[in-house]
Amino acid sequence: MYKNTFLVWEHIKQHATIYLFMIILFLTGIIFGAVIVNSMDFIQKQDLFFYLERFFVQITEGVSIEKKDIFWQSFIFHAKYLILLFVLGLSVIGLPLVWILLFVKGMVIGFSVGFIVNQLGLLEGLFLASLSIAPQNIIIIPVYITAGSLSMIFSLGLLNKLFSRRNNHQLLQPFIRYCIIFILLLILSLVAAFIEAYIANKAMEELIKSFY
């Protein structure tokens, strides 16, 4: 256990620049998403809020999606995203797409939180966002940042071996580790999907009912 923890910290220290770059890229996406909300005109906000309010009304009337459906939809979405990051990491040309995917993920979160706060007010908006968006993202954000960083690390490793003309058999062990870590990330995304469906969604429903 201690050895594994030591190896993880050594890996992070060795590739700290890449992890820092991915974190900054993700945070930039969040900021950009919030800026988009502020740049929308009144009519655009009202049109979007109309659909959000209809969703709130459905919840107060007892019409809601089955928890297991939310769970599987959430997990399938995360799994597709992670598999795409995994595949892109296997090719050098896919590296810019890894950056775009991570930026877009941050932008979606920033826009979601920003729009809710903008429409419901600082107190109610932040409270709703904290209950409906934050719980699963406490897990899924580190998962995506880790996945994007590993994709970049593996892709740069391939590029380095390509130009150095080293023995390609040396790629087998890093590739196995790459696969194992992505499997662990998929398991963590399963946990995040469970939290979203059975904890965050329930808390959101109760809060919305208290609003309306």
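Residues numbered from 1 in each chain as written. Predicted model: local features only at pLDDT ≥ 70, side-chain atom pairs only at ≥ 80, totals over all residues. Heavy atoms only, no water.

A.B. asks: Break down the packing of helix α4 (residues 67–89) against helix α5 (residues 95–120) for me, with residues and values.
C.D. replies: The N-to-C vectors of α4 and α5 enclose an angle of 155 degrees; their axes lie 9 Å apart at closest approach. If you check the angle between α4 and α5, you find them roughly antiparallel. Taken as a pair, α4 and α5 cross one another with a handedness that is left-handed. Judged by residue contacts, Phe77, His78, Tyr81, Leu84, Leu85 and Leu88 of α4 engage Leu95, Leu97, Val98, Leu101, Val104 and Lys105 from α5. The residue makeup of the contact of α4 with α5, split by class, is ten nonpolar, one polar and one charged. (Axes fitted to C-alpha atoms, helices over the stretch in contact; angles between N-to-C directions. Helix = DSSP H or I, 4+ residues; strand = E, 2+ residues; numbered from the N terminus. Parallel < 35°, antiparallel > 145°, perpendicular 65-115°, else oblique. Left-handed = near helix turned anticlockwise from the far one by under 90°. Contact = heavy atoms within 4.5 Å. Nonpolar A, V, L, I, M, F, W, Y, C, P; charged D, E, K, R; others polar.)

A.B. asks: Lay out the environment of Ile76 with the relevant residues and their values.
C.D. replies: Take Ile76: it is sitting in helix α4. Sequence spacing of Ile76 and Gly106 is 30 residues, and the spatial spacing of their C-alpha atoms is 19 Å.

A.B. asks: Hey, could you go over a nonpolar patch on the surface for me, with residue numbers and the actual values?
C.D. replies: Together, Leu90, Leu172, Phe175, Ile176, Ile180, Ile183, Leu184 and Ile187 make up a nonpolar patch on the protein surface, roughly 710 Å² of accessible area in all. By relative accessible area, Leu90 is classed as partly exposed at 34%. (Patch = residues over 30% accessible without salt bridge, like charges linked within 9 Å, V, L, I, M, F, W, Y side chains within 5 Å. Areas by Shrake-Rupley, 256 points an atom, 1.4 Å probe, with all protein chains shown as cover. Salt bridge = Lys/Arg side-chain N within 4 Å of Asp/Glu carboxyl O. Buried < 20%, exposed > 50% of the residue type's maximum accessible area, 1.4 Å probe, protein only.)

A.B. asks: How would you summarise α4 if you had to cite specific residues and measurements?
C.D. replies: With 23 residues, α4 should reach 33 Å at 1.5 Å per residue; the first-to-last C-alpha distance of 33 Å fits that figure. When α4 is considered as a whole, its buried residues turn out to be Ile70, Phe71, Ser74, Phe75, His78, Ala79, Tyr81, Leu82, Leu85, Phe86, Leu88 and Gly89. (Expected span 1.5 Å × (residues − 1).)

A.B. asks: Would you mind going over the pattern of salt bridges in detail, with residue names and values included?
C.D. replies: Scanning the entire structure with this criterion turns up three salt bridges. Two residues, Lys13 and Glu10, come together in a salt bridge whose shortest N-O distance is 3.5 Å. Here the residue Lys13 and the residue Glu10 both occupy positions in helix α1 (residues 2–14), the gap between them amounting to three residues, near one helical turn.

A.B. asks: Outline the packing of aromatic side chains, listing residues and values.
C.D. replies: Summed over the entire model, instances satisfying the criterion amount to 15 aromatic pairs. Note on Phe71 and Tyr198: the rings are 6.4 Å apart at their centroids and 50 degrees apart in plane angle, and the pair reads as tilted. On the criterion of sequence distance, the pair formed by Phe71 in helix α4 and Tyr198 in helix α8 (residues 172–211) is long-range, its members being 127 residues apart. Taking relative accessible area as the criterion, Phe71 reaches 12% and is therefore assigned buried. Accessibility expressed as a relative area gives 38% for Tyr198, which makes it partly exposed. With 6.2 Å between their ring centres and 75 degrees between their planes, Trp72 and Phe75 make a pair best called edge-to-face. Of the two residues, Trp72 and Phe75 both sit in helix α4, three residues apart, roughly one turn of that helix. (Phe/Tyr/Trp six-rings, centres within 6.5 Å; stacked < 30°, edge-to-face > 60°.)

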